[in-house]
Amino acid sequence: DAMVIQNPRYQVTQFGKPVTLSCSQTLNHNVMYWYQQKSSQAPKLLFHYYDKDFNNEADTPDNFQSRRPNTSFCFLDIRSPGLGDAAMYLCATSRDGGQSPLHFGNGTRLTVT
Amino acid sequence: GEDVEQSLFLSVREGDSSVINCTYTDSSSTYLYWYKQEPGAGLQLLTYIFSNMDMKQDQRLTVLLNKKDKHLSLRIADTQTGDSAIYFCAETAGGYNKLIFGAGTRLAVHP
């Protein structure tokens, strides 16, 4: 059974049109992460939540925002997608963020036209 | 800063062993991870090793850690076509278990 669920699997949006990607988890983990993975590259951390505490990576563009309304759900908002934002977006969870492993969802592949 | 390097491609014959190598820079990493990614899918946790260990074995997988040289390897015994995927090495950096990934090694298994 999938424990980290991302919807949709594929998302197409237009240049400049806001888009939201969603992630839910059944693991009751405290930490949720969003990674961006461009083609043939390593996943790159955008930000993470420890419970309700939001932590942004220094080089994450302002165009990317996130919301975590409760333990189970986390959203990635891209306010004005550019062509360079086309990528696979991966959500992950960790029990306590200490040294517990990250569990990833299957990702959402975003296409910007 | 933190950096993880891997060779980009490995081709092996079905039934042979595969060895995927990785070097990392952050000596304070407590855990090191191996993830597998199949086409169009997310990352699947394969195994991980605590930094005070030299070796960890889990069925067909063997992880070797040389902390002095900051070198990590993943050996897959009796490699099967289903093992064809991209394998990512990752080190922890900073708090909240932030992972720094290598670029991934694409493993191709041929008959």
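A brief look at the structure comes next. Nothing here was measured: the structure is a model prediction, and the numbers come from that model.

## Here's the deal with the side chain of Arg 68 of chain A
Residue and element names in this part refer to chain A.
Then, in step 1: Looking at the secondary structure, you find Arg 68 in the loop between strand E7 (64-67) and strand E8 (73-78).
Then, in step 2: One buried charge, Arg 68, has no salt-bridge partner; the nearest side chain with opposite charge is Asp 51, at 5.2 Å.
Then, in step 3: Among residues more than four places away in sequence, those in contact with Arg 68 are Gln 25, His 29, Asn 30, Val 31, Met 32, Tyr 49, Tyr 50, Asp 51, Phe 73 and Cys 74.

## A closer look at the sheet that holds E8 of chain A
Residues and elements named next belong to chain A.
Then, in step 1: The strand order across the open sheet built from four strands is E1-E3-E8-E7, with neighbouring strands paired in antiparallel fashion. Each edge of the sheet is formed by a strand with only one pairing partner; in this case those strands are strand E1 (4-7) and E7. This sheet shows a mean twist of 20° between the axes of neighbouring strands, independent of strand direction.

## Regarding the pattern of salt bridges
Then, in step 1: Under the criterion given, the structure shown has seven salt bridges over all chains.
Then, in step 2: We note a salt bridge from Lys 98 of chain B to Glu 57 of chain A, for which the minimum N-O separation is 2.6 Å. Of this pair, Lys 98 of chain B sits in the loop between strand E9 (85-92) and strand E10 (99-101) while Glu 57 of chain A sits in the loop between strand E6 (53-56) and E7, placing the two residues on different chains.
Then, in step 3: By relative accessible area, which is 13% here, Glu 57 of chain A ends up buried.
Then, in step 4: Between Arg 95 of chain A and Asp 96 of chain A there is a salt bridge, and its shortest N-O distance comes to 3.6 Å.
Then, in step 5: Since its relative accessible area comes to 30%, Asp 96 of chain A is described here as partly exposed.

## Description of the interface of chain A and chain B
Then, in step 1: Counting from both sides, the interface comprises 25 residues of chain A and, opposite them, 21 residues of chain B.
Then, in step 2: Buried area between chain A and chain B, both sides added, is near 1,800 Å², and the carbon and sulfur share of it is 55%.
Then, in step 3: Considering only the surface of chain A that becomes buried against chain B, Gln 99, Pro 101 and Phe 104 of chain A emerge as the three largest contributors, covering 29% of it.
Then, in step 4: Taken together, the links from chain A to chain B amount to one salt bridge.
Then, in step 5: Across the chain A-chain B interface, the total number found is six residue pairs in polar contact (both at pLDDT 80 or more).
Then, in step 6: Among the secondary structure elements, those contributing two or more residues to the side of chain A that touches chain B are strand E4 (31-37), strand E5 (44-50), E6 and strand E9 (87-94) of chain A.
Then, in step 7: Among the residues forming the side of chain A that touches chain B, the class breakdown is 11 nonpolar, 11 polar and three charged.

## A few points about the pairing of E7 of chain A
All names here are of chain A.
Then, in step 1: Of the two faces of E7, only one is covered, namely that formed by Phe 64 and Ser 66; the face formed by Gln 65 and Arg 67 stays uncovered.
Then, in step 2: Note that E7 and E8 share four bridges and pair antiparallel. Looking across to E8, one finds that Gln 65 is bridged to Asp 77.
Then, in step 3: What sits between E7 and E8 in their antiparallel hairpin is a turn of five residues.

## Quick look at the environment of Ala 86 of chain A
Residue and element names in this part refer to chain A.
Then, in step 1: By secondary structure assignment, the location of Ala 86 is in the loop between E8 and E9.
Then, in step 2: Note on Ala 86: relative accessible area 32%, which makes it partly exposed.
Then, in step 3: For the pair Ala 86 and Gln 36, spaced 50 residues apart in sequence, the C-alpha separation works out to 9.3 Å.
Then, in step 4: Those residues within four positions of Ala 86 in sequence are excluded, and the remaining contacts are Lys 38, Leu 110 and Val 112.

## Topic: the pairing of E4 of chain A
Residues and elements named next belong to chain A.
Then, in step 1: Most of E4 sits out of view: seven of its seven residues are buried.
Then, in step 2: Both faces of E4 are covered, namely the face carrying Val 31, Tyr 33, Tyr 35 and Gln 37 and the face carrying Met 32, Trp 34 and Gln 36.
Then, in step 3: Inspection of the sheet shows E4 paired to E5 by six bridges, in the antiparallel sense. Bridge pairing links Trp 34 to Phe 47 in E5.
Then, in step 4: Counting the residues that bridge the hairpin from E4 to E5 gives six residues, and of these Ser 40 lies at a positive phi of roughly 60°.
Then, in step 5: Two elements, E4 and E9, share seven bridges in a ladder whose sense is antiparallel. Considered in E9, the bridge of Tyr 35 is made with Leu 90.

Conventions adopted
Residues numbered from 1 in each chain as written. Chains lettered and ligands numbered in written order. Predicted model: local features only at pLDDT ≥ 70, side-chain atom pairs only at ≥ 80, totals over all residues. Heavy atoms only, no water. Helix = DSSP H or I, 4+ residues; strand = E, 2+ residues; numbered from the N terminus. Buried < 20%, exposed > 50% of the residue type's maximum accessible area, 1.4 Å probe, protein only. Lys, Arg positive; Asp, Glu negative; His and termini not counted. Salt bridge = Lys/Arg side-chain N within 4 Å of Asp/Glu carboxyl O. Contact = heavy atoms within 4.5 Å. Pairing = 2+ DSSP bridges. Axes fitted to C-alpha atoms, helices over the stretch in contact; angles between N-to-C directions. Buried area = accessible area lost by both parts, 1.4 Å probe. Polar contact = N/O pair within 3.5 Å; in protein donor to acceptor, adjacent residues only side chain to side chain. Nonpolar A, V, L, I, M, F, W, Y, C, P; charged D, E, K, R; others polar.

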